[in-house]
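Fold and contact review
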Amino acid sequence: MINIIKAVNYQIKRDITTYIAIGGGLLIALLPILEYGVDGLKELNGGMYAMSYLSVMMFIPYVMSCLIGACIIGKDMGDKTINYEILAGHSRMDAFLARVILAFVWDIGLCILVSALPIGVVTLVNGWGNNVAFADMAARYIVNITSAFRINAFVILITMIVRHPAAGGFISYGVLNASMLPLLVLSETMDIKLYHSVAMADILYMSFISNMRQIVENGEKITVYDMAISNSFLIGAIIVPIVVSVVYVVLACMIFKKRDLK
Amino acid sequence: MGKVIIETNNLGKQYGKQFAIKNVDFKIEEGMICGLIGPNGAGKTTIMKILGGLNIPTEGNVSIYGKNTEKGLAESRKRMSFMIETPYIKSRMSAYENLEKQRLQKGIPNPERVEEVLKLVGLENVGKKAAGNFSLGMKQRLGIAISLLSKPEIMVMDEPINGLDPEGIVEIRNLLLKLNKEEHITIIISSHILSELSLLCTDYIFINKGTIRQSITAQELENNCKESLIIHTDNDEKALAILQEKFENLEFDVNDNGSLKIFGLLDNIREVSKSLYEGGVIPLELRIQEANLEEYYMNMSGDDGATVKTDATADDNK
């Protein structure tokens, strides 16, 4: 399996999609510049950057998964080059697991890079600040990563069914997008939040800013955001995506193992 | 007789209610160059895909190097290489990168092997170009290069000379013959260009409509194809009796139309016609026939053979 990982990794590093994803992600990370302006950036601390970035950042994983995950899983099936691995005596399980591992590593790695790098740079330059507690924001970003796992597993399953990267990416993107609509309607009209229900649920709820207040510190008015999440929510947001991800990956594996390769 | 390295037993593959192959039994011995011959849709590629583990048989089993479990077959495939259908290539990657990816996947430690095989198939000057821009012939060469990368003991090749120019066909033929003779690589090859196969193969498997029609060695085929005298008279039964009486141990065959196919009397045509005349039989047709692989195949498969190309240039427009 290690040889397949090396070979597919070699290919990913030469795939333009990878650089589109990294470039696009970092470009999104620069969006707050538009909001604050170059001069405003001098007063932007890490906490405020993370806050401003939150709603955008929360949605990076699923765009990233649809792009990177679908490419890693589907490209070699689309052009049949995955066949060489089976023909060379690798088991289907090895060919499948190698791609699943790479999809998770690249996807989660890029999500962390795209989110942590800009926030880290701003924090290093201007400090974290007092607008939001670091631990509260960190918890939200952890939830985001576990949701990314679940989304990635979903993209793997869909791409394995359709056996084509573009189709897998678009269908996954469409389904994930559509799944947010009932969540938003229920949340806005009836104040019902179906936590952990679908892959997008926690991401959606994590992007909401619930409480904020203004305080005076050193004679200066500052806005303080209460972004804390309950422990029970955090545990659910970690366990449920992991369990669901395992189910998706097992289903995808069964499909890959039982079907003929074209 | 060489050691049997591949064996199929009652192999079958069914898609819905339709059989792609059925009751396929054959043996491949070490050192063979075995030609798999059949029209489009006969089941050749399905057999190759089952050997390679891409398709899962619905009936029977395959044994390679004596192993027939999933794990054992996967292990045996490490000693083989396959080129099935059009070579699978990454069109945006260069020939070199395609080979490098396969080198990593196969765990071949020596990176210089990539350059070696590029040179072997004559792609050394275009190794850095995107493979998607290659002609069909160049893609075929790249596919062959991928097959050669791991120095296999068995090569399974589906239409490897498809799209190659005449010079390329000769090069690949010589390369395969060299690999077989010098490296003792066993080759299973399918092609529509039967004249090419006849220059390569030591054995043939004729397949049609998913079943094996005949497995035959090149020597047996040569015997079957040897020159014969075709005799058609106003009374073929009587003609046969006359000739059997005149010539001892007469070697003959009766064609579907009743005409006689006589072997070994080509030097006695005068005697044959004289005997028939004296016996009161009027010859309607008397001619020498020499069959080759193409004719043999056509005779065997009837109308189904119509899709088979009979010379190298026939595939050039593919």
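Predicted model only: the values in this text are computed from it and were never measured.

Criteria and cut-off values
Residues numbered from 1 in each chain as written. Chains lettered and ligands numbered in written order. Predicted model: local features only at pLDDT ≥ 70, side-chain atom pairs only at ≥ 80, totals over all residues. Heavy atoms only, no water. Helix = DSSP H or I, 4+ residues; strand = E, 2+ residues; numbered from the N terminus. Buried < 20%, exposed > 50% of the residue type's maximum accessible area, 1.4 Å probe, protein only. Contact = heavy atoms within 4.5 Å. Areas by Shrake-Rupley, 256 points an atom, 1.4 Å probe, with all protein chains shown as cover. Lys, Arg positive; Asp, Glu negative; His and termini not counted. Charge placed at Lys NZ, Arg CZ, Asp CG, Glu CD. Pairing = 2+ DSSP bridges. Axes fitted to C-alpha atoms, helices over the stretch in contact; angles between N-to-C directions. Parallel < 35°, antiparallel > 145°, perpendicular 65-115°, else oblique. Left-handed = near helix turned anticlockwise from the far one by under 90°. Buried area = accessible area lost by both parts, 1.4 Å probe. Salt bridge = Lys/Arg side-chain N within 4 Å of Asp/Glu carboxyl O. Polar contact = N/O pair within 3.5 Å; in protein donor to acceptor, adjacent residues only side chain to side chain. pLDDT = per-residue confidence, 0-100.

Concerning the overall build of chain B
Secondary structure assignment for chain B yields 11 helices and 13 strands. Its C-alpha atoms give chain B principal-axis dimensions of about 75 × 40 × 35 Å. Here chain B holds 318 residues, and 50% of them are scored as buried. Taking as baseline every contact in chain B between residues at least 6 positions apart, the subset at least 24 positions apart corresponds to 69%. If you sum the accessible surface of chain B, you get close to 15100 Å²; carbon and sulfur atoms cover 46% of it. Taking the average location of the 38 positive side-chain charges in chain B and that of its 47 negative ones, the two points are 10 Å from each other.

Some words on the sheet that holds strand E3 (residues 33-37) of chain B
Residues and elements named next belong to chain B. In space, the six strands of this open sheet follow the order E5-E6-E7-E3-E8-E9, with mixed pairing throughout. What marks the edges here is a single partner per strand, and that holds for strand E5 (80-83) and strand E9 (211-217). Along the sheet, successive strands turn relative to each other by an average axial angle of 15°, direction set aside. Against the sheet, helix H5 (residues 136-148) contacts E5 and strand E6 (154-158), and its axis sits at roughly 165° relative to E5.

Focus: the sheet that holds strand E4 (residues 59-64) of chain B
Residues and elements named next belong to chain B. One open sheet holds the three strands; their spatial order is E2-E1-E4, and the pairing between them is antiparallel. Sheet topology places strand E2 (18-29) and E4 at the edges, where each strand pairs with a single neighbour. Averaged over all pairs of adjacent strands, the angle between their axes in this sheet comes to 15°, without regard to strand direction. Both strand E1 (residues 4-15) and E4 contribute to a ladder of five bridges, which runs antiparallel. Paired with glutamate 7 across the strands is serine 63, a residue of E4. With respect to the sheet, helix H1 (residues 44-52) is in contact with E1, E2 and E4, its orientation differing from that of E2 by roughly 65°.

Brief notes about the packing of helix H4 (residues 46-57) of chain A against helix H8 (residues 134-162) of chain A
All names here are of chain A. Closest axis-to-axis distance for the H4/H8 pair is 12 Å, and the angle between their directions is 15°. Overall, the two elements H4 and H8 adopt an arrangement that is roughly parallel. As H4 packs across H8, the resulting crossing turns out to be left-handed. Judged by residue contacts, Ala50, Met51, Tyr53, Leu54 and Met57 of H4 engage Met137, Arg140, Tyr141 and Asn144 from H8.

Overview of the interface of chain B and chain A
Each partner contributes residues to the interface: chain B has 29 residues there, and chain A has 27 residues. Together chain B and chain A conceal approximately 2500 Å² of surface at their shared face, both sides included; 56% is due to carbon and sulfur atoms. There are four salt bridges connecting chain B and chain A. A salt bridge links lysine 101 of chain B to aspartate 76 of chain A; the nearest nitrogen and oxygen atoms lie 3.2 Å apart. There are 11 residue pairs in polar contact (both at pLDDT 80 or more) connecting chain B and chain A.

Considerations on the environment of isoleucine 142 of chain A
By the element assignment, isoleucine 142 of chain A lies in helix H8. Between the alpha carbons of isoleucine 142 of chain A and leucine 234 of chain A there is a distance of 8.7 Å; along the sequence they are 92 residues apart.

Looking at the side chain of serine 179 of chain A
All names here are of chain A. Along the chain, serine 179 turns up in helix H9 (residues 165-190). The buried category is assigned to serine 179, whose relative accessible area is 17%. A distance of 2.6 Å separates a polar atom in the side chain of serine 179 from the backbone oxygen of leucine 176.

Topic: the confidence of the model for chain B
Residue and element names in this part refer to chain B. Confidence along chain B averages 83 in pLDDT terms, with 93% of residues attaining 70 or more. Overall, residues 303-318 carries pLDDT values under 50, and its contacts beyond four positions in sequence, including any with other chains, amount to 32 contacts. In the predicted complex, the global pTM is 0.74; the interface-specific ipTM is 0.78.

Notes on the side chain of asparagine 131 of chain A
Residue and element names in this part refer to chain A. The residue asparagine 131 is located in the loop between helix H7 (92-126) and H8 in this model. A polar side-chain atom of asparagine 131 sits 2.9 Å from the main-chain carbonyl oxygen of threonine 223. When residues no more than four places from it in sequence are discounted, the contact partners of asparagine 131 are Asn45, Met48, Ile222, Thr223, Val224 and Tyr225.

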